[in-house]
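Summary of the model geometry
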Amino acid sequence: PTTVSPRGGLGFCRAETCVCRCVPPCHAGRRPTPVPYFRPTRTCRSLLACNPREPLDLHLMTQLLHVVGARPNFMKVAPVLRAANGCATVTQVLVHTGQHYDAAMSDSFFTDLNLPMPDVNLGVGSGSHAAQTGRIMIEFEPVLDRYRPDWVVVYGDVNSTVACALVAAKKGIRVAHVEAGLRSRDRGMPEEVNRLLTDQPADLCLTPRRDGNVNLEAEGLPEPRIRLVGTVMVDERLPRPARARAP
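The text that follows walks through the structure, step by step, so that each part is easy to find.

About the thresholds
Residues numbered from 1 in each chain as written. Predicted model: local features only at pLDDT ≥ 70, side-chain atom pairs only at ≥ 80, totals over all residues. Heavy atoms only, no water. Helix = DSSP H or I, 4+ residues; strand = E, 2+ residues; numbered from the N terminus. Buried < 20%, exposed > 50% of the residue type's maximum accessible area, 1.4 Å probe, protein only. Salt bridge = Lys/Arg side-chain N within 4 Å of Asp/Glu carboxyl O. Pairing = 2+ DSSP bridges. Axes fitted to C-alpha atoms, helices over the stretch in contact; angles between N-to-C directions. Parallel < 35°, antiparallel > 145°, perpendicular 65-115°, else oblique. Left-handed = near helix turned anticlockwise from the far one by under 90°. Contact = heavy atoms within 4.5 Å. Nonpolar A, V, L, I, M, F, W, Y, C, P; charged D, E, K, R; others polar.

Let us now look at unusual backbone geometry. Positive phi values are uncommon outside glycine, yet glutamate 179 reaches one of about 80°. Of note in the backbone geometry, arginine 185 takes a positive phi value of approximately 70° without being a glycine. For arginine 185, the position within the fold is in the loop between β5 (174-178) and α5 (190-199). Owing to a relative accessible area of 61%, arginine 185 belongs among the exposed residues under this scheme.

Given below as C-alpha coordinates:
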(Lines give C-alpha, C1' and ligand atoms only; values in the text may rest on other atoms or scores of the structure.)
Protein backbone atom coordinates (compact mmCIF):
# COMPACT_ATOMS: atom_id res chain seq x y z
CA PRO A 1 0.00 0.00 0.00
CA THR A 2 1.10 3.52 -0.62
CA THR A 3 1.54 6.01 2.17
CA VAL A 4 1.30 9.69 2.87
CA SER A 5 4.41 11.48 4.03
CA PRO A 6 4.40 12.89 7.57
CA ARG A 7 3.86 16.54 8.39
CA GLY A 8 6.35 18.73 6.62
CA GLY A 9 6.83 16.64 3.47
CA LEU A 10 5.19 16.40 0.09
CA GLY A 11 2.14 14.16 0.08
CA PHE A 12 1.46 11.05 -1.94
CA CYS A 13 -1.81 9.66 -3.25
CA ARG A 14 -2.99 6.53 -1.41
CA ALA A 15 -5.90 5.59 -3.63
CA GLU A 16 -5.91 2.42 -5.74
CA THR A 17 -7.60 4.55 -8.37
CA CYS A 18 -6.13 8.01 -8.37
CA VAL A 19 -8.86 10.34 -7.10
CA CYS A 20 -6.66 13.38 -6.67
CA ARG A 21 -5.60 13.48 -10.35
CA CYS A 22 -1.91 13.74 -9.55
CA VAL A 23 0.57 15.12 -12.05
CA PRO A 24 1.71 12.62 -13.30
CA PRO A 25 -1.07 10.19 -12.31
CA CYS A 26 -0.36 7.48 -9.77
CA HIS A 27 -1.64 3.93 -10.20
CA ALA A 28 -2.21 0.88 -8.02
CA GLY A 29 0.84 -1.30 -7.55
CA ARG A 30 3.31 1.45 -8.34
CA ARG A 31 5.50 3.44 -6.04
CA PRO A 32 3.60 6.50 -4.71
CA THR A 33 4.15 9.45 -7.00
CA PRO A 34 5.43 12.66 -5.39
CA VAL A 35 3.70 15.71 -6.78
CA PRO A 36 5.82 18.86 -6.37
CA TYR A 37 3.63 20.58 -8.96
CA PHE A 38 1.82 23.81 -8.20
CA ARG A 39 -0.95 25.60 -10.06
CA PRO A 40 -3.92 27.39 -8.50
CA THR A 41 -6.43 25.14 -10.25
CA ARG A 42 -4.44 22.07 -9.16
CA THR A 43 -3.52 22.90 -5.60
CA CYS A 44 -4.64 19.52 -4.20
CA ARG A 45 -1.91 17.81 -6.18
CA SER A 46 0.82 20.38 -5.76
CA LEU A 47 2.29 20.73 -2.29
CA LEU A 48 0.46 17.51 -1.42
CA ALA A 49 -2.09 15.17 -2.96
CA CYS A 50 -5.27 14.83 -0.96
CA ASN A 51 -7.62 11.88 -1.04
CA PRO A 52 -11.18 12.92 -0.15
CA ARG A 53 -12.25 9.28 0.22
CA GLU A 54 -10.05 8.71 3.25
CA PRO A 55 -10.94 9.79 6.81
CA LEU A 56 -9.43 13.04 7.97
CA ASP A 57 -6.22 12.46 9.93
CA LEU A 58 -4.92 15.57 11.65
CA HIS A 59 -1.42 14.08 11.69
CA LEU A 60 -1.45 14.21 7.88
CA MET A 61 -2.70 17.78 7.59
CA THR A 62 -0.56 20.24 5.69
CA GLN A 63 -0.64 23.91 6.61
CA LEU A 64 0.06 26.56 4.01
CA LEU A 65 0.94 30.01 5.28
CA HIS A 66 0.42 32.62 2.55
CA VAL A 67 2.19 35.97 2.75
CA VAL A 68 0.81 39.11 1.11
CA GLY A 69 1.78 42.72 1.56
CA ALA A 70 1.11 44.81 -1.55
CA ARG A 71 -1.47 45.14 -4.31
CA PRO A 72 0.05 42.62 -6.76
CA ASN A 73 0.11 39.95 -4.04
CA PHE A 74 -3.61 40.19 -3.34
CA MET A 75 -4.59 39.30 -6.90
CA LYS A 76 -2.16 36.38 -7.00
CA VAL A 77 -3.11 34.80 -3.70
CA ALA A 78 -6.88 34.85 -4.32
CA PRO A 79 -7.12 31.88 -6.76
CA VAL A 80 -4.62 29.84 -4.75
CA LEU A 81 -6.63 30.27 -1.55
CA ARG A 82 -9.85 29.29 -3.30
CA ALA A 83 -8.33 26.18 -4.87
CA ALA A 84 -6.71 24.95 -1.67
CA ASN A 85 -10.00 25.39 0.20
CA GLY A 86 -11.26 22.36 -1.72
CA CYS A 87 -8.71 20.03 -0.15
CA ALA A 88 -9.75 18.52 3.16
CA THR A 89 -6.17 17.90 4.32
CA VAL A 90 -5.02 21.49 3.81
CA THR A 91 -5.30 24.27 6.38
CA GLN A 92 -4.41 27.81 5.43
CA VAL A 93 -3.19 30.92 7.20
CA LEU A 94 -3.17 34.33 5.52
CA VAL A 95 -0.60 36.85 6.76
CA HIS A 96 -0.72 40.49 5.66
CA THR A 97 2.51 42.33 6.38
CA GLY A 98 0.91 45.77 6.08
CA GLN A 99 3.35 46.96 3.43
CA HIS A 100 0.36 48.54 1.68
CA TYR A 101 -2.08 49.59 4.35
CA ASP A 102 -4.59 52.28 3.36
CA ALA A 103 -8.11 51.51 2.14
CA ALA A 104 -7.42 52.13 -1.54
CA MET A 105 -4.23 50.06 -1.58
CA SER A 106 -5.37 47.17 0.61
CA ASP A 107 -8.92 46.97 2.00
CA SER A 108 -10.65 47.49 -1.34
CA PHE A 109 -8.79 44.54 -2.87
CA PHE A 110 -9.89 42.19 -0.11
CA THR A 111 -13.49 43.21 -0.79
CA ASP A 112 -13.32 43.06 -4.60
CA LEU A 113 -11.50 39.71 -4.66
CA ASN A 114 -13.64 38.15 -1.90
CA LEU A 115 -10.52 37.46 0.12
CA PRO A 116 -10.88 36.41 3.75
CA MET A 117 -9.64 38.82 6.35
CA PRO A 118 -6.00 38.11 7.23
CA ASP A 119 -5.37 35.86 10.20
CA VAL A 120 -2.41 38.09 11.08
CA ASN A 121 -1.63 41.68 10.12
CA LEU A 122 1.94 42.69 10.93
CA GLY A 123 1.16 46.39 10.38
CA VAL A 124 4.69 47.32 9.36
CA GLY A 125 3.66 50.37 7.31
CA SER A 126 5.97 52.36 5.07
CA GLY A 127 9.68 53.14 5.29
CA SER A 128 12.90 52.77 3.38
CA HIS A 129 13.52 49.45 1.68
CA ALA A 130 15.97 48.38 4.37
CA ALA A 131 13.83 49.54 7.30
CA GLN A 132 10.64 48.02 5.92
CA THR A 133 12.28 44.69 5.05
CA GLY A 134 13.91 44.51 8.47
CA ARG A 135 10.66 45.24 10.33
CA ILE A 136 8.83 42.57 8.34
CA MET A 137 11.49 39.99 9.22
CA ILE A 138 11.36 40.86 12.92
CA GLU A 139 7.56 40.74 13.08
CA PHE A 140 7.22 37.62 10.91
CA GLU A 141 9.43 35.29 12.94
CA PRO A 142 7.03 35.02 15.92
CA VAL A 143 4.21 34.22 13.47
CA LEU A 144 6.15 31.19 12.23
CA ASP A 145 6.84 30.11 15.81
CA ARG A 146 3.12 30.35 16.54
CA TYR A 147 1.73 28.53 13.49
CA ARG A 148 4.66 26.25 12.51
CA PRO A 149 3.46 25.85 8.91
CA ASP A 150 4.62 23.16 6.51
CA TRP A 151 5.01 25.67 3.68
CA VAL A 152 5.37 29.42 3.45
CA VAL A 153 3.97 30.59 0.11
CA VAL A 154 5.23 33.97 -1.10
CA TYR A 155 4.14 35.90 -4.18
CA GLY A 156 5.83 38.24 -6.64
CA ASP A 157 8.77 40.48 -5.86
CA VAL A 158 7.87 43.00 -3.17
CA ASN A 159 9.76 43.57 0.09
CA SER A 160 7.32 41.31 1.95
CA THR A 161 8.19 38.48 -0.44
CA VAL A 162 11.92 38.45 0.17
CA ALA A 163 11.69 39.25 3.88
CA CYS A 164 9.37 36.37 4.71
CA ALA A 165 11.12 33.92 2.39
CA LEU A 166 14.44 34.57 4.14
CA VAL A 167 12.97 34.17 7.62
CA ALA A 168 11.25 30.90 6.68
CA ALA A 169 14.38 29.51 5.02
CA LYS A 170 16.54 30.32 8.04
CA LYS A 171 14.03 28.53 10.29
CA GLY A 172 14.03 25.44 8.09
CA ILE A 173 10.47 25.91 6.79
CA ARG A 174 9.84 25.12 3.14
CA VAL A 175 9.25 28.07 0.83
CA ALA A 176 7.22 28.12 -2.39
CA HIS A 177 7.66 31.20 -4.58
CA VAL A 178 4.79 31.94 -6.93
CA GLU A 179 5.91 33.91 -10.02
CA ALA A 180 9.53 32.85 -9.72
CA GLY A 181 12.25 33.21 -12.32
CA LEU A 182 11.29 36.55 -13.84
CA ARG A 183 14.26 38.81 -14.51
CA SER A 184 14.74 42.36 -15.79
CA ARG A 185 18.58 42.21 -15.72
CA ASP A 186 18.53 45.60 -13.97
CA ARG A 187 20.06 45.33 -10.49
CA GLY A 188 19.12 48.97 -9.93
CA MET A 189 15.49 47.86 -9.45
CA PRO A 190 14.70 46.85 -5.85
CA GLU A 191 12.26 44.29 -7.25
CA GLU A 192 15.05 42.59 -9.20
CA VAL A 193 17.10 42.19 -6.03
CA ASN A 194 14.03 40.77 -4.28
CA ARG A 195 13.49 38.23 -7.07
CA LEU A 196 17.07 37.00 -6.95
CA LEU A 197 17.15 36.67 -3.16
CA THR A 198 13.77 34.94 -2.97
CA ASP A 199 14.41 32.29 -5.62
CA GLN A 200 17.73 31.07 -4.23
CA PRO A 201 16.43 29.64 -0.92
CA ALA A 202 12.99 28.63 -2.26
CA ASP A 203 12.21 24.90 -2.23
CA LEU A 204 9.72 25.34 -5.09
CA CYS A 205 10.18 28.01 -7.74
CA LEU A 206 6.84 28.23 -9.54
CA THR A 207 7.38 29.99 -12.84
CA PRO A 208 4.77 31.70 -15.04
CA ARG A 209 6.75 31.34 -18.30
CA ARG A 210 9.37 29.09 -19.84
CA ASP A 211 12.00 31.82 -19.75
CA GLY A 212 11.66 31.73 -15.96
CA ASN A 213 12.85 28.12 -15.98
CA VAL A 214 15.78 29.08 -18.21
CA ASN A 215 16.76 31.94 -15.91
CA LEU A 216 16.70 29.78 -12.80
CA GLU A 217 18.67 26.97 -14.41
CA ALA A 218 21.28 29.51 -15.55
CA GLU A 219 21.56 30.68 -11.93
CA GLY A 220 22.31 27.14 -10.77
CA LEU A 221 18.99 26.03 -9.31
CA PRO A 222 18.40 22.28 -9.70
CA GLU A 223 15.59 21.20 -12.02
CA PRO A 224 13.49 19.44 -9.31
CA ARG A 225 12.99 22.80 -7.58
CA ILE A 226 11.61 24.48 -10.71
CA ARG A 227 8.05 24.05 -12.00
CA LEU A 228 6.37 25.83 -14.90
CA VAL A 229 2.81 26.46 -13.69
CA GLY A 230 1.54 29.43 -15.69
CA THR A 231 0.25 32.82 -14.61
CA VAL A 232 -1.96 32.91 -11.53
CA MET A 233 -3.50 36.18 -12.70
CA VAL A 234 -5.24 34.22 -15.47
CA ASP A 235 -6.84 31.94 -12.88
CA GLU A 236 -8.09 35.00 -11.01
CA ARG A 237 -9.58 36.47 -14.19
CA LEU A 238 -11.45 33.35 -15.34
CA PRO A 239 -14.12 33.10 -12.58
CA ARG A 240 -15.35 36.67 -13.07
CA PRO A 241 -15.31 37.66 -16.79
CA ALA A 242 -18.54 39.62 -16.60
CA ARG A 243 -17.28 41.83 -13.81
CA ALA A 244 -13.94 42.30 -15.54
CA ARG A 245 -15.73 43.69 -18.60
CA ALA A 246 -18.00 45.99 -16.61
CA PRO A 247 -17.22 49.73 -16.94
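That covers the picture; the talk isn't over yet.
Okay, the environment of asparagine 114 next. Along the polypeptide, asparagine 114 turns up in the loop between α2 (103-112) and β3 (120-121). Sequence separation between asparagine 114 and arginine 82 is 32 residues; the distance between their C-alpha atoms is 9.7 Å.

In the structure shown here, the tally under the stated rule is 9 salt bridges. For arginine 183, the salt bridge goes to glutamate 219, with nearest N and O atoms at 2.7 Å. Remark: glutamate 219 occurs in the loop between α6 (210-218) and β7 (226-228) and arginine 183 occurs in the loop between β5 and α5; sequence separation between them is 36 residues. For glutamate 219, a relative accessible area of 27% puts it in the partly exposed group. The closest approach of N and O atoms between glutamate 223 and arginine 227, which form a salt bridge, is 3.9 Å. Assessed through its relative accessible area of 18%, arginine 227 is described here as buried. What you see here is one network of salt bridges that share partners, running through Glu141, Asp145 and Lys171.

The element strand β2 (residues 90-96) is largely enclosed, with a buried count of 6 among its 7 residues. Across 7 bridges, the pairing between strand β1 (residues 62-68) and β2 is parallel. Looking at the pairing, glutamine 63 lines up with threonine 91 of β2. Strand direction decides the pairing type here: β2 and β3, joined by 2 bridges, are parallel. Bridge pairing in β3 places valine 95 opposite valine 120.

Moving on: the packing of helix α3 (residues 129-147) against helix α4 (residues 159-170). Two measures define how a pair of helices packs: the angle their axes make with one another and the distance between the axes. Running from N to C, α3 and α4 cross one another at 45°; their axes reach a closest spacing of 8 Å. When the axes of α3 and α4 are compared, the pair comes out oblique. The interaxial crossing formed by α3 with α4 has right-handed handedness. On the side of α3, the interface is formed by His129, Gln132, Thr133, Ile136, Met137, Phe140, Glu141 and Leu144, while α4 contributes Asn159, Ser160, Val162, Ala163, Cys164, Leu166, Val167 and Ala168. Of the residues belonging to the contact of α3 with α4, the class tally is 10 nonpolar, 5 polar and 1 charged.

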